[in-house]
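Next come the chains, spelled out residue by residue.
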Amino acid sequence: MSRTRLVTRDDAPELAEVLRLNRDFLAPWEPVRSDAYFTEAGQGTVIGEALARHDRGSSVPHVIVDDTGRIVGRIMLNGIVRGPFLSCSVGYWVAADDNGRGLATEAMAEIKHLAFEQLGLHRIEAGTLLHNAASQRVLERNGFLRIGIAQKYLHIAGTWQDHVLFHVLNEGKTA
């Protein structure tokens, strides 16, 4: 069974519920979100915008699912750039009750394969908060290498925070 799939507009109610249940758990790792973000309508807007970016070729918005098909998180290739760069970034989260089961590691393997084999990208970049050891393990298990620290990289939980940057290269891609 595939661990990820493209998000659809029909996922808005389930995603909103997962996000509501995990609001406090995700808060330290995410930008500050308005109350509207955690509603079905809010997720409908988020999904619509993500699918529009997907249609333009700049994003691949997926949900992470468990063995029953229940949505347990989100993973997205962002900022896809073609030309000589052939690169993107990746972001992801998994619900608190589903952490530690290997779902994020499996989802990352699938999205990495999609980026390299289907999209023909050369490089994927990811960043984690300095103290997010679990997310760093997900990346390292998928062949990502630490490339440095980016100071005040993203505005997370209401403040600019340093991140450890990682990347993985498509070693099979020659041109």
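Above this note sits the structure.
Residues numbered from 1 in each chain as written. Predicted model: local features only at pLDDT ≥ 70, side-chain atom pairs only at ≥ 80, totals over all residues. Heavy atoms only, no water.

Caption draft 1: A look at the overall build of the protein chain. If you tally the helices and strands in the protein chain, you get 5 helices and 7 strands. Listing the helices and strands of the protein chain from first to last along the sequence gives β-α-α-α-β-β-β-α-β-α-β-β. Relative to a compact globule of 175 residues, whose C-alpha radius of gyration would be 16 Å, the protein chain shows 16 Å and is just as compact. Across the 175 residues that make up the protein chain, the buried fraction comes to 45%. Contacts in the protein chain between residues at least 24 apart in sequence constitute 60% of all its contacts with a sequence separation of at least 6. Carbon and sulfur atoms form 54% of the exposed surface of the protein chain, whose accessible area is close to 9,000 Å². Averaging the positions of the 19 positive and the 21 negative side-chain charges in the protein chain gives two centres separated by 5 Å. (Helix = DSSP H or I, 4+ residues; strand = E, 2+ residues; numbered from the N terminus. Rg over C-alpha atoms; globule rule 2.2 N^0.38 Å. Buried < 20%, exposed > 50% of the residue type's maximum accessible area, 1.4 Å probe, protein only. Contact = heavy atoms within 4.5 Å. Areas by Shrake-Rupley, 256 points an atom, 1.4 Å probe, with all protein chains shown as cover. Lys, Arg positive; Asp, Glu negative; His and termini not counted. Charge placed at Lys NZ, Arg CZ, Asp CG, Glu CD.)

Caption draft 2: Quick look at the packing of aromatic side chains. In the structure shown here, the tally under the stated rule is 1 aromatic pair. Here the aromatic rings of Y37 and F38 are separated by 5.2 Å at their centres, their planes lie at 80 degrees, and the arrangement is edge-to-face. In this pair, the class of Y37 matches that of F38, namely buried. Lying over the aromatic face of Y37, R33 brings its terminal NZ or CZ to 4.3 Å of the ring centre. (Phe/Tyr/Trp six-rings, centres within 6.5 Å; stacked < 30°, edge-to-face > 60°. Lys NZ or Arg CZ within 6 Å of the ring centre and 35° of its normal.)

Caption draft 3: Here's a closer look at the sheet that holds strand β5 (residues 123-129). Ordered in space as β1-β2-β3-β4-β5-β7-β6, the 7 strands form an open sheet in which the pairing is mixed. Each edge of the open sheet carries a strand with a single partner, namely β1 (4-6) and β6 (145-156). On average, each strand axis in the sheet is inclined to that of its neighbour by 30 degrees, with strand direction left out of account. Across 3 bridges, strand β4 (residues 87-94) lies against β5 in parallel orientation. Paired with C88 across the bridge in β5 is I124. (Pairing = 2+ DSSP bridges. Axes fitted to C-alpha atoms, helices over the stretch in contact; angles between N-to-C directions.)

Caption draft 4: Just the pairing of β4, in detail. Within β4, 6 of the 8 residues are buried, which leaves the element mostly enclosed by the surrounding structure. With 7 bridges connecting them, strand β3 (residues 71-81) and β4 associate as antiparallel partners. Among the inter-strand pairings, V81 is bridged to a residue of β4, identified as S87. Hairpin geometry of β3 and β4 is characterised by an intervening segment of 5 residues between the two adjacent antiparallel strands and by a positive phi of about 70 degrees at G83. Between β4 and its parallel partner β5, the chain crosses via helix α4 (residues 103-118), and the hand of that crossover is right-handed. (Right-handed = clockwise from strand over helix to strand, strands pointing away.)

Caption draft 5: Spatial organisation of the nonpolar core. With 28 residues, the main nonpolar core has I75, L77, V90, M108, I124 and F144 as its most contacted residues. Looking at this core, the elements with two or more residues in it are β2 (60-65), β3, β4, α4, β5, α5 (133-141) and β7 (159-169). Setting aside its immediate chain neighbours within four residues, V90 contacts I75, M76, L77, M108, I111, I124, E125, A126 and F144. Grouped together as the second largest cluster of nonpolar side chains are 15 residues, V7, A12, L15 and I71 included. (Core = buried A, V, L, I, M, F, W, Y, C linked by side-chain atoms within 4.5 Å.)

Caption draft 6: Structural view of the pattern of salt bridges. Taken as a whole, this structure holds 11 salt bridges when the rule is applied. Residues R5 and D11 are paired through a salt bridge, measuring 2.7 Å at the closest nitrogen-oxygen approach. Where R101 meets D98, a salt bridge forms, and the shortest distance between an N and an O atom there is 2.4 Å. Within the structure, one salt-bridge network assembled from shared partners comprises D66, R70, D98 and R101. (Salt bridge = Lys/Arg side-chain N within 4 Å of Asp/Glu carboxyl O.)

Caption draft 7: Inspection of the pairing of β7 at higher detail. In the sheet, β5 pairs with β7 via 7 bridges, with the strands oriented antiparallel. The partner of I124 across the bridge, within β7, is V168. Relative to β7, β6 is paired through 8 bridges, and the arrangement is antiparallel. Considered in β7, the bridge of A150 is made with H163. Two successive antiparallel strands, β6 and β7, enclose a turn made up of 2 residues, where A157 displays a positive phi of approximately 50 degrees.

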